[in-house]
Amino acid sequence: GAVVSQHPSRVICKSGTSVKIECRSLDFQATTMFWYRQFPKQSLMLMATSNEGSKATYEQGVEKDKFLINHASLTLSTLTVTSAHPEDSSFYICSARAGTGGLDGYTFGSGTRLTVV
Amino acid sequence: QQQVKQSPQSLIVQKGGISIINCAYENTAFDYFPWYQQFPGKGPALLIAIRPDVSEKKEGRFTISFNKSAKQFSLHIMDSQPGDSATYFCAASSSGTYKYIFGTGTRLKVLA
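To keep things clear, this report deals only with the structure shown in the data block. Counting of residues starts from 1 at the beginning of each chain's written sequence and follows it residue by residue. Throughout, the order in which chains and ligands are written sets their labels, letters from A for the former and numbers from 1 for the latter. Owing to the predicted nature of the model, reporting of local features is limited to residues with pLDDT of at least 70; listing and counting of side-chain atom pairs is limited to 80 or more, with chain, interface and lining totals taken over all residues. Side-chain figures throughout are based on the complete set of non-hydrogen atoms in the structure, without hydrogens or water.

### Comments concerning the state of the cysteines
All names here are of chain A.
Logical step 1: Here, the term disulfide refers to a pair of cysteine sulfur atoms separated by no more than 2.5 Å. As enumerated under the stated definition, the model contains two disulfides over all chains in all.
Logical step 2: Between the sulfur of Cys23 and that of Cys94 lies a disulfide, 2.0 Å long from S to S. Between Cys23 and Cys94, the disulfide has an S-S torsion of 80° and is therefore right-handed. One end of the pair, Cys23, is in strand 3 (residues 19–25); the other, Cys94, is in strand 9 (residues 90–98), with 71 residues separating them in the sequence.
Logical step 3: Unpaired in terms of disulfides, Cys13 finds its nearest cysteine sulfur in Cys94, a separation of 18 Å. Numbering of helices and strands starts at the N terminus; helices are DSSP runs of H or I of at least 4 residues and strands are runs of E of at least 2.

In structure tokens form, the structure reads like this:
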């Protein structure tokens, strides 16, 4: 089946630094990738939708200058948390949709636990 | 209108029992309703999904019941096992946006 690899699984960074999270579709081409944020014991909140070769679409309330998303190829999307602060600490999860997949074609990555100290 | 309401927030079931989790939605444009299972520190994994043209779908011990008129759907886990202990999320999506709206999650604990 479709596999989405997310890296790193855990990262600790100092306040004010930037962190990049990668999301790769290993065995399919992902025309669309989604980035979610999940606080402890809470639901997944969609942050943005990225389409290969175009600018990401951010959900209301998500700072696009803080959460930079790049979807430069059909197998890779990156989320960069810029000038991270402790309140950015969270679990970030990506999902990918295959180009030929309908609603059934979503696969989630294993998530990245970001801790900003 | 974009919300998906999920209940209960937490659930404790004896081994071998039936676990039932409910979700309700308002947006009639939703046409795809998946259920996801998430273990701590992991991403969600698709369990089972249903579309509005059927009222029930069963896969192994997992069954989705769907009530279009009430705009409700539920997950039934038969013969619940300790390995089923996880957080379960319902979600809804529409063909127009392909974006998932997730429920608030249910933490299930199955006692051995």
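### Section: the layout of surface pockets
Logical step 1: Approximately 490 Å³ is the volume attributed to the largest pocket.
Logical step 2: Residue lining of the largest pocket: 24 residues in total, with A:Met45, A:Glu59, B:Gln2, B:Tyr100 and B:Ile101 positioned closest to the centre.
Logical step 3: When residues of the lining of the largest pocket are traced back to their parent elements, those giving at least two are strand 5 (44–51) of chain A together with strand 1 (4–7) and strand 10 (101–102) of chain B.
Logical step 4: Per-element accounting of the lining of the largest pocket gives the leading share, three residues, to strand 5 of chain A.
Logical step 5: Put plainly, a pocket is an open set of points on a 1 Å grid over the protein atoms alone with protein on both sides within 12 Å along at least five of seven lines, a cavity is a set where a 1.4 Å probe fits but cannot get out, and a lining residue has an atom within 4 Å of a point. Along the wall of the second largest pocket there are 24 residues; nearest its centre are A:Gln38, A:Lys41, B:Gln38, B:Thr87 and B:Arg107. Grid points are joined across faces, edges and corners, and a volume is the space filled by probe spheres set on the points.

### Some points on the nonpolar core
Logical step 1: By size, the foremost hydrophobic cluster in this structure holds 24 residues, and its most contacted members are B:Phe33, B:Trp35, B:Phe73, B:Leu75 and B:Tyr88.
Logical step 2: Elements represented by at least two residues in this core include exactly strand 2 (10–14), strand 3 (19–25), strand 4 (33–38), strand 5 (45–50), strand 7 (62–67), strand 8 (72–77), strand 9 (86–92) and strand 11 (106–111) of chain B.
Logical step 3: Counting residues per element, this core draws most heavily on strand 9 of chain B, at four residues.
Logical step 4: Contacts were defined at the residue level, with two residues in contact if any of their heavy atoms lie within 4.5 Å. Excluding residues that lie within four positions of it along the chain, B:Tyr88 makes contacts with B:Gln6, B:Ile21, B:Tyr36, B:Gln37, B:Leu47, B:Leu75, B:Ile77, B:Gly105, B:Thr106 and B:Leu108.
Logical step 5: Here, the term nonpolar core denotes a set of buried Ala, Val, Leu, Ile, Met, Phe, Trp, Tyr and Cys residues that are joined through side-chain atoms within 4.5 Å. Residue exposure (1.4 Å probe, protein chains only): buried if accessible area is under 20% of the type maximum, exposed if over 50%, otherwise partly exposed. If you look at the next biggest cluster of nonpolar residues, it comprises 23 residues, including A:Phe67, A:Cys94, A:Ala96 and A:Leu114.

### Re the interface of chain B and chain A
Logical step 1: The interface of chain B with chain A comprises 20 residues on the first partner and 20 residues on the second.
Logical step 2: For the pairing of chain B and chain A, the buried interface totals around 1600 Å² over both sides, and the portion due to carbon and sulfur atoms is 58%.
Logical step 3: Summed over both partners, the accessible surface that disappears when two parts come together, traced with a 1.4 Å probe, is what is meant by buried area. In terms of surface lost to chain A, no three residues of chain B exceed B:Tyr98, B:Lys99 and B:Tyr100, which account for 32% of the buried area on that side.
Logical step 4: The term salt bridge refers to a side-chain nitrogen of Lys or Arg lying within 4 Å of a carboxyl oxygen of Asp or Glu. Put simply, chain B and chain A have one salt bridge between them.
Logical step 5: Two residues, B:Lys99 and A:Glu59, come together in a salt bridge whose shortest N-O distance is 2.9 Å.
Logical step 6: In protein, a polar contact requires one atom able to donate a hydrogen and another able to accept it; more generally it is a pair of N or O atoms within 3.5 Å, and residues adjacent in sequence count only if both atoms are side-chain atoms. Across the chain B-chain A interface, the total number found is four residue pairs in polar contact (both at pLDDT 80 or more).

### A closer look at the side chain of A:Ser50
Residues and elements named next belong to chain A.
Logical step 1: Here Ser50 shows up in strand 5.
Logical step 2: Of the residues examined, Ser50 reaches a relative accessible area of 0% and is grouped as buried.
Logical step 3: Not counting the four nearest positions on each side in its chain, Ser50 is found in contact with Thr31, Thr32, Met33, Ala56, Ile69, His71 and Ser77.

### Here's the deal with the packing of aromatic side chains
Logical step 1: Centre distance within 6.5 Å is the pairing criterion for rings of Phe, Tyr and Trp, where only the six-membered ring of Trp is used; planes under 30 degrees apart are then read as stacked, over 60 as edge-to-face, and the remainder as tilted. Evaluation of the coordinates by the stated rule reveals 21 aromatic pairs over all chains.
Logical step 2: For the pair A:Phe108 and B:Tyr36, a centre-to-centre distance of 5.1 Å together with 75° between the ring planes defines the contact as edge-to-face. You can see A:Phe108 sitting in strand 10 (residues 106–108) and its partner B:Tyr36 sitting in strand 4, one on each of two chains. In this structure, A:Phe108 and B:Tyr36 share a single accessibility class: buried.

### Regarding the sheet that holds strand 3 of chain B
Residue and element names in this part refer to chain B.
Logical step 1: Between any two strands, at least two bridges found by DSSP are needed for them to pair. Pairing in this open sheet of five strands is antiparallel, and the strands run 1-3-8-7-6 from one edge to the other. Sheet topology places strand 1 and strand 6 (56–59) at the edges, where each strand pairs with a single neighbour. Neighbouring strand axes in the sheet, compared pairwise and without regard to direction, differ in orientation by 15° on average. To obtain each axis, a line is fitted to C-alpha atoms, and for helices this fit is confined to the stretch in contact; angles are then taken between N-to-C directions over 0 to 180 degrees.

### Looking at the pairing of strand 11 of chain B
Residue and element names in this part refer to chain B.
Logical step 1: Alternating residues of strand 11 divide into Thr106, Leu108 and Val110, all buried, and Arg107, Lys109 and Leu111, none buried.
Logical step 2: Note that strand 2 and strand 11 share five bridges and pair parallel. Bridge pairing in strand 11 places Ile12 opposite Lys109.
Logical step 3: Pairing analysis gives three bridges linking strand 9 to strand 11, with the strands arranged antiparallel. Counted as the bridge partner of Ala86 is Leu108 from strand 11.

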